[in-house]
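# Coordinates in review
Here is how the chains run, residue by residue.
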Amino acid sequence: KEHTHQTSTGAIMKLALASILLASASAFTFVPRQNVGVSRASTALNASRAAQKAASRRAWCEARGATSDSSVAEVASAGLMTNDEGLEYVKLVHPETGATSDVYLFGGVVTSYVVDGVEYIAVRPDAKVDGSKPISGGLSHCWPQFGPGEIQQHGFARNVNWEVKSMSDTSVVLEMAPSDYTKEMWDKEFLCTFTVELEADQLSTKMFVENKGEEAFDFQSALHSYFTVSSLENLEITGSFEGKEFLNKMVDGGTMQTEDRATITIGEEYDRVYMGVNDPALKDSGTGKVLSVLNTAGYEDTVLWNPYGNEGMGYNNFVCVESVKFDAVTLDGGASWTGDMALKPSDL
């Protein structure tokens, strides 16, 4: 499992732009996996179209006081990238706001979402970036199993390569189909499509699961989401928590309790499953920002997790606020299921 001086408006904008431009691909945490081919046919960029995009971003930068060629070049860099360890990811860049997002093909995981220089998605400092382990951070998939069970912990979606089906500057569609590796542990006829869209005011995701066979199968689904925090002491998590039952895994191996708080603060190790809560918002007084987790379809529950006190994991700068469908979904042959989750930042 797994973030003053007063100055002129122009200086503030340049500082924010510099932070955006320096935002880089995040890091990576397993089991051996089957390599799945990556489709690049749909990722080639037309030269004239690329020039138009660069011109559009240049105008955006110049309007905000950033005119250097290097700044423009950095802002213009959307597309299929490779990190220093050889793992491929898709960088999304919004042409008007300058917001960015990184989506890795390994695990189909979103590892970064930067708006106005603020990074909202965390990757642990002990994460690996070489594909040897599932990513310890980001919006990590738990599918077709959440937690321990009949197959490996959290399933296999987080440690196989997803295939790029289509992409643009602001969106990417990834696909995961059965392979010899997945069939060895879970021989079902499924197709998973994960769409990430960088909108002007939010980052939207859609997990679409199809049963391509005739026999029904059961699955769980979750986004094991890591979010940055300036410090846990600055964090409040709000939502419809008060009066809800939750499974506290830190007490006697798992004990059902009732939450009496409307606002959650974290001052100890957390591993809690809140059933029927899917409207959390993270309020960080250190950054002055709010991140609302908008679960609009499929995800009905929320898991809060933090390894309090674990310096190696960087516990004080992230919290996991996970979008979960905890009770198993039974998907009949030919049927489908959708999990929609969006991240919407705002000022505190």
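Residues numbered from 1 in each chain as written. Predicted model: local features only at pLDDT ≥ 70, side-chain atom pairs only at ≥ 80, totals over all residues. Heavy atoms only, no water.

Before going further, it helps to spend a moment on the sheet that holds strand E7 (residues 163-167). Strand order in this open sheet of nine strands is E7-E8-E9-E10-E21-E18-E17-E12-E15, and the pairing throughout is antiparallel. With partners counted over all chains shown, the strands left at the sheet margins are E7 and strand E15 (263-264), one partner each. Where strand E18 (residues 289-297) and strand E21 (residues 336-347) come together, eight bridges link them in antiparallel fashion. From the neighbouring strand, asparagine 295 faces E21, where its bridge partner is methionine 341. (Pairing = 2+ DSSP bridges. Helix = DSSP H or I, 4+ residues; strand = E, 2+ residues; numbered from the N terminus.)

Turning next to the nonpolar core. Trp143 and Leu343 are the most contacted members of the largest nonpolar core, which has 61 residues in total. Residue contributions to this core peak at five residues, all from strand E9 (residues 190-198). With near-sequence residues (within four places) excluded, leucine 343 lies in contact with Tyr113, Ile121, Leu139, Gln202, Leu203, Phe227, Leu291, Ser292 and Val293. (Core = buried A, V, L, I, M, F, W, Y, C linked by side-chain atoms within 4.5 Å. Buried < 20%, exposed > 50% of the residue type's maximum accessible area, 1.4 Å probe, protein only. Contact = heavy atoms within 4.5 Å.)

The next thing to look at is the packing of aromatic side chains. For the structure shown, the criterion picks out 21 aromatic pairs. A ring pair is formed by tryptophan 162 and phenylalanine 194, whose centres lie 6.4 Å apart and whose planes are at 65 degrees; its orientation type is edge-to-face. Of this pair, tryptophan 162 sits in the loop between strand E6 (139-142) and E7 while phenylalanine 194 is found in strand E9, placing the two residues 32 residues apart along the sequence. Summarising the burial analysis for this pair, tryptophan 162 and phenylalanine 194 share the class buried. Seen from their ring centres, tryptophan 186 and phenylalanine 190 are 5.8 Å apart, and the 50 degrees between their planes marks the pair as tilted. By the ring-pair criterion, three or more aromatic residues cluster together here, those being Trp143, Phe156, Trp186, Phe190, Phe217, Phe219, Tyr299 and Trp337. (Phe/Tyr/Trp six-rings, centres within 6.5 Å; stacked < 30°, edge-to-face > 60°.)

So, about the confidence of the model for the chain. Residues with a pLDDT of 70 or more make up 78% of the chain, whose mean pLDDT is 84. The model gives residues 1-51 a pLDDT under 50, and that stretch makes 118 contacts with residues more than four places away or in other chains. (pLDDT = per-residue confidence, 0-100.)

With that settled, the discussion passes to the environment of glutamate 199. Its place among the elements puts glutamate 199 in the loop between E9 and strand E10 (203-211). Given the relative accessible area of 25%, glutamate 199 is considered partly exposed. C-alpha separation for the pair glutamate 199 and alanine 99, spaced 100 residues apart in sequence, amounts to 8.7 Å. At a separation of 2.5 Å, a polar atom in the side chain of glutamate 199 contacts the side chain of serine 204. (Polar contact = N/O pair within 3.5 Å; in protein donor to acceptor, adjacent residues only side chain to side chain.)

If charged atoms from side chains of opposite charge come close, those side chains can pair. This model, assessed by the stated rule, comprises 11 salt bridges. With a closest N to O distance of 2.8 Å, lysine 206 and aspartate 340 form a salt bridge. Residue lysine 206 is located in strand E10, and its partner aspartate 340 is located in strand E21; the two are separated by 134 residues in the primary sequence. For glutamate 259, the salt bridge goes to arginine 272, with nearest N and O atoms at 3.6 Å. Here glutamate 259 is found in the loop between strand E14 (255-258) and E15, whereas its partner arginine 272 is found in strand E16 (residues 270-274), with 13 residues between them in sequence. Beyond isolated ion pairs, a larger network of salt bridges with shared partners links Glu259, Arg261, Glu268 and Arg272. (Salt bridge = Lys/Arg side-chain N within 4 Å of Asp/Glu carboxyl O.)

Mapping valine 229 onto the fold places it in the loop between strand E11 (217-228) and strand E12 (235-238). A C-alpha to C-alpha distance of 7.5 Å links valine 229 and asparagine 316, two positions 87 residues apart in sequence.

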